[in-house]
Amino acid sequence: RAHRLRLLSALIILIFYILYVSGQFMGTYKVLNIAFDIPKTQGIIIGAVIIIAYTTLGGFFAVVWTDFFQGLIMLAAFVILPIVGIVALGGFGNTMEILRATRPASAKIFESGTLESILLILSGLGWGLGYMGQPHLLSRFLAFKESKDIKKGAIVAIIWTILAYTGAVFIGVVGLAALKGEVASGSLFGHTITDTEQIMPVMAIKLLPQFIAGIMISGAIAAMMSTADSQLLVCTSTVTEDFTRKFLGKELSDAQSVKISRIVTVVLGLLALGF
């Protein structure tokens with residue numbers, strides 16, 4: 001029974017995480033298209049090749065260090081960009097006035113006690129509480145050398161999440177106000193967009209000096225890369241440890257384990273790219 005449960009869990013992780021990783025590859029194209037006008041297919045391939053390469057060559061060590069620096073860049077982008085955007089729209093009060101005039105339902109999420117604000121809180125809890133149980137996050141806590149460090153890690157994670165996710169919401173608010181509610185096709189600070197997922201890089205290009213904009217845009221790519229590499233690593237671990245070692249009962253040397261892990265990472269990465 002334990003073996004069947006292990007196999008079922010491994011299959012669930014593989015199926016959904018490969019699709020999740022493919023979504024991150026799609027996201028890299030959207031940012032590269034805005035920044036460098038790179039077409040869709042080439043943008044997806046560039047993002048996939050880079051992520052698969054450093055995850056395969058460096059393993060957990062590479063993923064942890066790249067995620068650390070990516071996390072710093074993401075935090076800077078999600079804190080600075082919404083502030084600059086609100087200032088460009090004439091302040092928070094003016095931003096909310098634009099929202100009330102163009103998308104009144106969206107503005108209501110900032111009014112306590114409304115149905116919209118209650119639904120926003122509930123959907124946020126549904127996403128946030130479930131997110132903490134995802135394997136690619138739990139693997140970080142399992143990697144601590146000492147259990148006493150878990151509390152410190154939790155504090156860092158909570159502070160980072162509050163700042164980054166609040167900033168991400170306000171990037172959406174600023175973008176919606178700047179577009180005057182026309183999310184299908186509108187002018188965002190002088191740039192016409194048809195895909196709302198490109199709001200963040202367009203805001204960076206239009207509102208910040210080129211050098212700083214480049215750092216902010218790399219924050220968007222960092223968000224996708226840090227998710228994709230972590231999930232690839234979990235999928236690889238699932239195949240190598242849970243399936244090969246524990247389900248099939250095969251004992252592997254360290255060298256064999258590393259070799260299989262690298263092969264599996266490449267295969268799963270290419271499968272996600274295929275999707």
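Each chain carries its own residue numbering, running from 1 in the direction its sequence is written. Local features in this predicted model are restricted to residues of pLDDT 70 or higher, and side-chain atom pairs are both shown and tallied only at a pLDDT of 80 or more, whereas totals for entire chains, interfaces and linings draw on every residue. Hydrogens and water are ignored here; the side-chain numbers use all heavy atoms of the structure.

Engineer: Any chance you could explain the overall build of the protein here in plain terms?
Structural biologist: In DSSP terms, a helix is any run of H or I states spanning at least four residues, a strand is any run of E spanning at least two, and both are numbered starting from the N terminus. Within the protein, the regular secondary structure consists of 10 helices and two strands. Order of helices (α) and strands (β) in the protein, N terminus to C terminus: α-α-α-α-α-α-α-β-β-α-α-α. We take the radius of gyration over the C-alpha atoms and set the globule estimate at 2.2 Å times the residue count to the 0.38 power. In terms of overall dimensions, the protein is globule-like: its C-alpha atoms have a radius of gyration of 21 Å, near the 19 Å expected for 275 residues. Taking the principal axes of its C-alpha atoms as reference, the protein extends roughly 65 × 45 × 30 Å. Exposure categories follow from relative accessible area, calculated using a 1.4 Å probe and restricted to protein chains: below 20% of the type maximum is buried, above 50% is exposed, and the middle band is partly exposed. A buried classification covers 39% of the 275 residues belonging to the protein. Only carbon and sulfur atoms are counted for the fraction: they give 70% of the accessible area of the protein, which is about 15200 Å². Residues counted as positive are Lys and Arg, residues counted as negative are Asp and Glu, and His and the chain ends are not counted. Charged groups are reduced to one reference atom each: NZ for lysine, CZ for arginine, CG for aspartic acid, CD for glutamic acid. Here the protein holds 20 positive side-chain charges and 15 negative ones, and the gap between their average locations is 6 Å. All accessibility values rest on the Shrake-Rupley procedure with a 1.4 Å probe; residue burial counts only the protein chains present in the view.

Engineer: Please clarify how the environment of Thr161 should be interpreted in this entry.
Structural biologist: Relative to the helices and strands, Thr161 is located in helix H7 (residues 149–178). Assessed through its relative accessible area of 32%, Thr161 is described here as partly exposed. In this structure, the C-alpha to C-alpha distance between Thr161 and Ser22, residues 139 residues apart in sequence, is 23 Å. Two N or O atoms count as a polar contact when they lie within 3.5 Å, although within protein this holds only if one can serve as hydrogen donor and the other as acceptor, and sequence-adjacent residues are included solely when both atoms are side-chain atoms. There is a polar contact of 2.7 Å between the side chain of Thr161 and the backbone oxygen of Ala157.

Engineer: Honestly, helix H10 (residues 254–274) in this entry has me stumped. Any pointers?
Structural biologist: What sets the pattern is the α-helix's 3.6 residues per turn: residues three or four places apart point alike. Compared with an ideal rise of 1.5 Å per residue, which puts 21 residues at 30 Å, H10 spans 30 Å between its outermost C-alpha atoms and is within 8% of the ideal. The set of residues buried in H10 consists of Ser257, Val264, Thr265, Leu268, Gly269 and Ala272. The buried residues of H10 all sit within an arc of 130° when viewed along its axis, so they share a single face. In this structure, H10 carries Ala255, Lys259 and Gly274 as exposed residues pointing more than 90 degrees from its buried face. Helix span, expected: 1.5 Å multiplied by one less than the number of residues in the helix. The directions considered for the arc run from the helix axis to the C-beta atoms.

Engineer: What is the right way to look at the packing of helix H9 (residues 210–247) against H10 in this model?
Structural biologist: Helix-helix packing is described using two parameters, namely the angle between the two axes and the distance between the axes. Helix axes are fitted to C-alpha atoms over the stretch in contact, other axes to C-alpha atoms as well, and angles between N-to-C directions run from 0 to 180 degrees. Packing of H9 against H10 leaves a shortest axis separation of 9 Å and a crossing angle of 130°. The orientation of H9 relative to H10 falls into the category oblique. Pair H9 / H10 crosses with right-handed handedness. The segment H9 lies against H10, with Leu232, Cys235, Thr236, Val239, Thr240, Glu241 and Arg245 engaging Ser257, Ile260, Ser261, Val264, Thr265, Leu268 and Gly269. Following the grouping adopted for this structure description, the nonpolar residues are Ala, Val, Leu, Ile, Met, Phe, Trp, Tyr, Cys and Pro, the charged ones are Asp, Glu, Lys and Arg, and the polar ones are all others, Gly among them. For the contact of H9 with H10, the residue count by class is six nonpolar, six polar and two charged. By the definition adopted for this analysis, an angle is roughly parallel if under 35 degrees, roughly antiparallel if over 145, roughly perpendicular if from 65 to 115, and oblique otherwise. Crossings are sorted by hand: turned counterclockwise from the far helix by less than a right angle, the near helix makes the crossing left-handed, and turned clockwise it makes it right-handed. Any two residues whose heavy atoms approach within 4.5 Å at even a single point are treated as in contact.

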